[in-house]
Amino acid sequence: GAPDGFVLAYGSPVQPGRLGRASVVDIAPTILYFFGLPVGRDMEGFARTELFRATFTAERPVTYIPSYGR
């Protein structure tokens, strides 16, 4: 029921083009991934790695922790 929105990403690690449909709950996991931090397994969203160039994702696999203590 939330309104539509958009994400704007800029920088050398970002893949040019449009990202497919995503959800607001993907934002936090994607930001954690970008900063090299693990994604909480209890988070609703997931890291949108397709936002980044292959050279960036090849060096940075998605890592996980059980929770950030919600």
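Residues numbered from 1 in each chain as written. Predicted model: local features only at pLDDT ≥ 70, side-chain atom pairs only at ≥ 80, totals over all residues. Heavy atoms only, no water.

Thoughts on the pattern of salt bridges
- A full pass over the atoms with the stated rule returns two salt bridges.
- Notably, a salt bridge pairs Arg-48 with Asp-26, separated by 3.4 Å at the nearest N-O pair. Of this pair, Arg-48 sits in the loop between strand E1 (39–40) and helix H2 (54–58) while Asp-26 sits in the segment before helix H1 (27–34), placing them 22 residues apart in sequence. Neither residue differs from the other here; Arg-48 and Asp-26 are each classed as buried.
- Each of Asp-26, Arg-48 and Glu-50 takes part in salt bridges that share partners, so that together they form one network. (Salt bridge = Lys/Arg side-chain N within 4 Å of Asp/Glu carboxyl O. Helix = DSSP H or I, 4+ residues; strand = E, 2+ residues; numbered from the N terminus. Buried < 20%, exposed > 50% of the residue type's maximum accessible area, 1.4 Å probe, protein only.)

Comments concerning the packing of aromatic side chains
- Taken as a whole and assessed by the stated rule, the structure comprises six aromatic pairs.
- With a centroid separation of 6.0 Å and an interplanar angle of 85°, the aromatic rings of Tyr-33 and Phe-56 are classed as edge-to-face. Here Tyr-33, found in helix H1, pairs with Phe-56, found in helix H2; they are 23 residues apart in sequence, far enough to count as distant. Neither residue differs from the other here; Tyr-33 and Phe-56 are each classed as buried. (Phe/Tyr/Trp six-rings, centres within 6.5 Å; stacked < 30°, edge-to-face > 60°.)

Considering the environment of Ala-47
- Its location among the elements puts Ala-47 in the loop between E1 and H2.
- Overall, the relative accessible area of 11% leaves Ala-47 in the buried class.
- Separated by 17 residues in the primary sequence, Ala-47 and Thr-30 place their C-alpha atoms 4.1 Å from one another.
- What Ala-47 contacts, discounting residues up to four positions off in sequence, is Pro-29, Thr-30, Tyr-33, Val-39 and Val-62. (Contact = heavy atoms within 4.5 Å.)

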